[in-house]
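# Structural overview
The chain contents come next:
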Amino acid sequence: MPKNKGKGGKNRRRGKNDNDSKRELTYKEDGQEYAQVTKMLGNGRLEAYCFDGVSRLCHIRGKLRKRVWIQQGDIVLLGLREFQDQKADVILKYDNEEARSLKAYGELPENVQINVDVGLDGDDLEDDTFDFEEI
């Protein structure tokens, strides 16, 4: 049997993901819209409520899949489709600090809640409390 000459396995080959540096804030352009994720559907798809008042079915592009984890309540930048108004593609995910600065610059509406899960009907999710009586 040959000797092991390598220095680790798959994780070593993958490299390090050092994204600690602050990236430049990206604003929307023509054909793009800001949205908040309302529901994760699986298979790289999600449902998002765009801030133009339309709820759209979105597809996470391949560059973001399995690299950037998108959760319910996140603020994302969508690329709108000219031929399908009810569908869009996720271009970029904003972290909480970037979303707060977008809100401060007036790009996002004032009623948007950042860092909060959004329920199926658009309401905020609250913790359910149980009261147990002693026997």
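Okay, so let's go over this structure.

The rules behind the values
- Residues numbered from 1 in each chain as written.
- Predicted model: local features only at pLDDT ≥ 70, side-chain atom pairs only at ≥ 80, totals over all residues.
- Heavy atoms only, no water.
- Core = buried A, V, L, I, M, F, W, Y, C linked by side-chain atoms within 4.5 Å.
- Buried < 20%, exposed > 50% of the residue type's maximum accessible area, 1.4 Å probe, protein only.
- Helix = DSSP H or I, 4+ residues; strand = E, 2+ residues; numbered from the N terminus.
- Contact = heavy atoms within 4.5 Å.
- Pairing = 2+ DSSP bridges.
- Axes fitted to C-alpha atoms, helices over the stretch in contact; angles between N-to-C directions.
- Disulfide = S-S within 2.5 Å.

Turning our eyes to something else, we now look at the nonpolar core. Ranked by size, the top nonpolar core spans 13 residues in total, and within it Leu-46, Cys-58, Ile-70, Val-76, Leu-78 and Val-90 carry the most contacts. Breaking this core down by element, the ones donating at least two residues are β1 (32–42), β2 (45–50), β3 (55–60), β4 (75–80) and β5 (87–94). In terms of residue count, the dominant contributor to this core is β2 (three residues). Residue contacts for Cys-58: discarding those within four places in its chain leaves Gly-44, Arg-45, Leu-46, Ala-48, Leu-78, Ala-88 and Val-90.

Here five strands make up a closed barrel; going around it, the order is β1-β2-β3-β5-β4 and the pairing mixed. Ignoring which end each strand starts from, the neighbouring axes of this sheet average 50° apart. Sheet topology note: the β3/β5 ladder contains four bridges and is parallel. Along β5, the bridge assignment pairs Leu-57 with Lys-87. Packed onto the sheet, helix α2 (residues 96–104) meets β1, β4 and β5 and runs at close to 105° relative to β5.

This paragraph deals with the state of the cysteines. Evaluated as defined, the whole model comprises zero disulfides. Free cysteine: Cys-58, not disulfide-bonded; nearest cysteine sulfur from Cys-50 at 5.8 Å. We classify Cys-58 as buried; its relative accessible area is 1%.

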